[in-house]
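Coordinate analysis (summary)
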Amino acid sequence: MNFPLNIEPLTPCIGAKITRADLQNPTPSMTSAIRAALVEHQVLFFEDQPELSPSEQVTFAKTFGELHVHPAAPADNQHPELFVIHAHKDSKVANGNGWHTDVSCDAKPPMATMLQMRHVPSTGGDTLFASMFAAYESLSPALQTFLQRLTARHESEHVYRGRYSDRGVDDSKREYPSHSHPVVRTHPENGRLALYVNPSFTTRINELRADESQALLEYLYKHQQRVEFQARFAWKENAIALWDNRSTQHFALWDYWPEERLGHRVTILGDKPYFDAAQAKPRRGLTKLARRL
Ligand code: SIN
């Protein structure tokens, strides 16, 4: 019998809440049910969790695969995979305060991210998630076909250089990753196609002239940020979000300064993004959402 997960979808195209899952004691059947729900709903929220210790969080995340280590953030001595997300009154920047897919500049960007919020501001600090399946599927077939032939550069020096200097990171000699990926990627677990450019890391569509690239990226960013593709999560203490970076983007709102927000994040290593026309499921007409746009 499949593991009985309690799943409550949040919107027609993205997000679901999961209750009564014991993440401190994961079993293979629970992990595979969560993984299937993640691929389908793209971001999962667990609001009824106790505070997980760093090793419990790392152990749970490892049930999905090898963990990814962030190329820039300060690493915890005991758990190098753990990334502390922290903004407070003295912060100059807050992590994730712009639309992005985590570390898309890496050759193998993380497939998923798990964040547990340990301290929430009295109001604000929500995270917005957007479905890149919905963004792609609602484009016209002609534009979809054109985009399938393109690749884009994802860079990170402009994002990361100096960002963690207030947390003791001296990156003056460090090189930051930069890679090209297809503009449309095939999800390796369900074959759906997702738009894979984001305004934080993507700098250029390789096959186009600079002015053409800029115009097309501007259009795609505007399109992928439509509210119809989004779910917005208001954190409670110890809530956990688990998102699929292969099919989503997110934006962590920094509207709570000078208050504090603190969370523990781990990311699970993904594969090299690819576009596979043969694996792509044939589209039968427009999705319900696309018909209304
Ligand atoms: C991130 O981009 O990983 C941070 C998300 C958040 O703080 O809500």
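Residues numbered from 1 in each chain as written. Predicted model: local features only at pLDDT ≥ 70, side-chain atom pairs only at ≥ 80, totals over all residues. Heavy atoms only, no water.

What to know about the environment of valine 58
Threshold: The helix and strand labels rest on DSSP assignments: H or I over at least four residues marks a helix, E over at least two residues marks a strand, and numbering proceeds from the N terminus.
Along the polypeptide, valine 58 turns up in helix H2 (residues 54–62). Sequence separation of valine 58 and methionine 114 is 56 residues, and the distance between their C-alpha atoms is 9.5 Å.

Observations regarding the pattern of salt bridges
Rules: Only one rule defines a salt bridge in this text: a Lys or Arg side-chain nitrogen within 4 Å of an Asp or Glu carboxyl oxygen. Relative accessibility thresholds used throughout: buried, under 20% of the residue-type maximum; exposed, over 50%; partly exposed, between the two (1.4 Å probe, protein chains only).
Within this structure, the stated rule accounts for 15 salt bridges. Residue arginine 118 pairs with glutamate 51 through a salt bridge whose shortest N-O separation is 3.4 Å. Of this pair, arginine 118 sits in strand S6 (residues 112–119) while glutamate 51 sits in the loop between strand S3 (43–46) and H2, and the two are 67 residues apart along the sequence. For glutamate 51, a relative accessible area of 44% translates into the label partly exposed.

Some points on the site of the ligand
The condition that has to hold: Distances are taken per atom, and a residue is near a molecule or strand as soon as one of its heavy atoms is within 4 Å of it. Any N or O atom pair separated by 3.5 Å or less is treated as a polar contact, with the protein-specific requirement of one donor-capable and one acceptor-capable atom, and with residues adjacent in sequence counted only for side-chain atom pairs. Here the open area of atoms and residues is found with the Shrake-Rupley method and a 1.4 Å probe, where only the protein chains shown may cover a residue. The residue classification treats Ala, Val, Leu, Ile, Met, Phe, Trp, Tyr, Cys and Pro as nonpolar and Asp, Glu, Lys and Arg as charged. All others, Gly included, are polar.
Residues in close proximity to the ligand include Ile85, Gly96, His100, Asp102, Leu115, Thr127, Trp243, His250, Ala252, Arg261 and Arg265, which together make up its full environment. Between the ligand and threonine 127 there is a distance of 2.6 Å, counted from an oxygen atom to a side-chain nitrogen or oxygen. Within the side chain of arginine 265, a nitrogen or oxygen atom sits 2.6 Å from an oxygen atom of the ligand. Within the complex, 100% of the 260 Å² of free accessible area of the ligand lies under protein. Mapped by element, the contributors of at least two residues to the shell around the ligand are strand S15 (248–252) and strand S16 (261–268). A class-by-class count of the residues in the shell around the ligand yields 4 nonpolar, 4 polar and 3 charged.

Description of the packing of aromatic side chains
Formally: Here the aromatic set is Phe, Tyr and Trp, taking the six-membered ring for Trp, and pairing holds for ring centres within 6.5 Å; pairs whose planes are under 30 degrees apart are stacked, those over 60 apart are edge-to-face, and all others are tilted. Here, over-ring charges are defined by two tests on the NZ atom of lysine or the CZ atom of arginine: distance to the ring centre within 6 Å, and angle to the ring normal within 35 degrees.
With the rule as written, the count across this model stands at 9 aromatic pairs. A ring pair is formed by phenylalanine 45 and phenylalanine 233, whose centres lie 4.0 Å apart and whose planes are at 15°; its orientation type is stacked. Placement of the pair is phenylalanine 45 in strand S3 and phenylalanine 233 in strand S13 (residues 230–233), with a sequence separation of 188 residues. Across the pair, phenylalanine 233 and phenylalanine 45 agree in class, each one buried. Pairing phenylalanine 60 with phenylalanine 64 gives two aromatic rings, centres 5.4 Å apart and planes at 80°, and the pair type is edge-to-face. An identical accessibility class is assigned to phenylalanine 60 and phenylalanine 64; each is buried. A connected cluster of aromatic rings, assembled from ring pairs, spans Phe45, Phe129, Phe233, Trp235 and Trp243. Its end group placed over the ring of tyrosine 196, arginine 185 keeps NZ or CZ at 4.7 Å from the ring centre.

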